[in-house]
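# Analysis of the macromolecular model
Here's the letter readout for the chains.
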Amino acid sequence: MFRQPKIEYKTIEQMLVMREAGLVLTRALDEAVSAAEVGVSTAHLNDVFEGVLREEGATSNFLGYHGFPASICTSVNDEVVHGIPGPYTLQDGDILSIDGGAVVRGWHSDSARTVIVGTPRPEDVRLSQVTEDAMWHGIAALATARSVGDIGAAIDDYVSSVPGPALGILEDYVGHGIGTQMHQAPDVLNYRSTVRGPKVRAGLCLAIEPMLVQGGLETIVQDDEWTVVTTDGKRASQWEHSVAVHEGGIWVLSAVDGGASRLGALGVTPVLPGG
Ligand code: MG
Ligand code: MG
């Protein structure tokens, strides 16, 4: 029997600081996404993101993480996650995921979005939409989940239910607990598994982050030791939010409205911690 790492359960007050970190992050991602246009370098997006963190007095949890050299990950086309911002300039039709985090008074947030630059390919629009919807189904499932495994089951069931060409759910990378560190126990699988995972209870804060691909699930890490690409060169999308569970319900910490605009359609009304 392996010893499971201990889960850090948060108080309402701690969740509200995490929400502050989530709101700074939301603004920084908004600005980075707005700046993502044809001809713009991914390094510029990192500068834009860092500018917002500086203005807000927040710090980056990505910069220096195991030596990571930037404050966001920019993953383009067949890059799935952990792409490093640099001189690459965005091209018409690129599908780009931007993953970032912010720390406020020691509490972390983590969120990612996918954008399509210039003229989108319909299959890429579908990939990003299904990935985002899968994330919201996973978040909605958390509201009534008995165990963390229910999240992956909901994501998996949703993705399988989508008509048209099948999309794959990456298994090499998963969501995680979040709090005084960016990556904490427990793992949050994005697929149905016989592992049920720990029980869901008040104080649990999770980053839910499905990654979907148009082709096979196999990935490799490039020579920069960070960028994860699909082995078959097919395109990928990632969406992520940080979410809190408390006595009154759930709240998406990295969304201004706590997720209300998307969760309503899934039968969930988010409640602000302590509200
Ligand atoms: Mg992330
Ligand atoms: Mg994450």
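Because the structure is predicted, anything quoted here is derived from the model rather than measured.

This brings us to the sheet that holds strand 14 (residues 249-252). The strand order across the open sheet built from five strands is 7-6-8-13-14, with neighbouring strands paired in antiparallel fashion. Each edge of the sheet is formed by a strand with only one pairing partner; in this case those strands are strand 7 (184-188) and strand 14. Averaged over all pairs of adjacent strands, the angle between their axes in this sheet comes to 25°, without regard to strand direction. In this structure, strand 6 (residues 175-177) lies alongside strand 8 (residues 205-208), joined through two bridges in antiparallel fashion. Each bridged residue has a counterpart across the sheet, and for His176 the counterpart in strand 8 is Ala207. In the packing of helix 1 (residues 12-35) onto the sheet, the strands contacted are strand 8, strand 13 (241-246) and strand 14, and the crossing angle to strand 13 comes to about 160°. Each of strand 8, strand 13 and strand 14 is contacted by helix 3 (residues 122-142), which is oriented at about 10° to strand 13, the strand it contacts most.

A separate point is the pattern of salt bridges. Applying the stated criterion to the full structure yields twelve salt bridges. One salt bridge in this structure joins Glu55 and Arg27, with 2.8 Å as the shortest N-O distance. Within this pair, whereas Glu55 is found in helix 2 (residues 42-56), its partner Arg27 is found in helix 1, the two being separated by 28 residues in sequence. Its relative accessible area of 60% is what places Glu55 among the exposed residues. The exposure class assigned to Arg27 is partly exposed, which follows from its relative accessible area of 27%. Note that Arg121 and Asp124 form a salt bridge whose closest N and O atoms lie 4.0 Å from each other. What makes Asp124 buried here is its relative accessible area of 0%. Counted as one network, the salt bridges with shared partners bring together Arg27, Glu31, Glu55 and Glu56.

The rules behind each value
Residues numbered from 1 in each chain as written. Chains lettered and ligands numbered in written order. Predicted model: local features only at pLDDT ≥ 70, side-chain atom pairs only at ≥ 80, totals over all residues. Heavy atoms only, no water. Pairing = 2+ DSSP bridges. Helix = DSSP H or I, 4+ residues; strand = E, 2+ residues; numbered from the N terminus. Axes fitted to C-alpha atoms, helices over the stretch in contact; angles between N-to-C directions. Contact = heavy atoms within 4.5 Å. Salt bridge = Lys/Arg side-chain N within 4 Å of Asp/Glu carboxyl O. Buried < 20%, exposed > 50% of the residue type's maximum accessible area, 1.4 Å probe, protein only.

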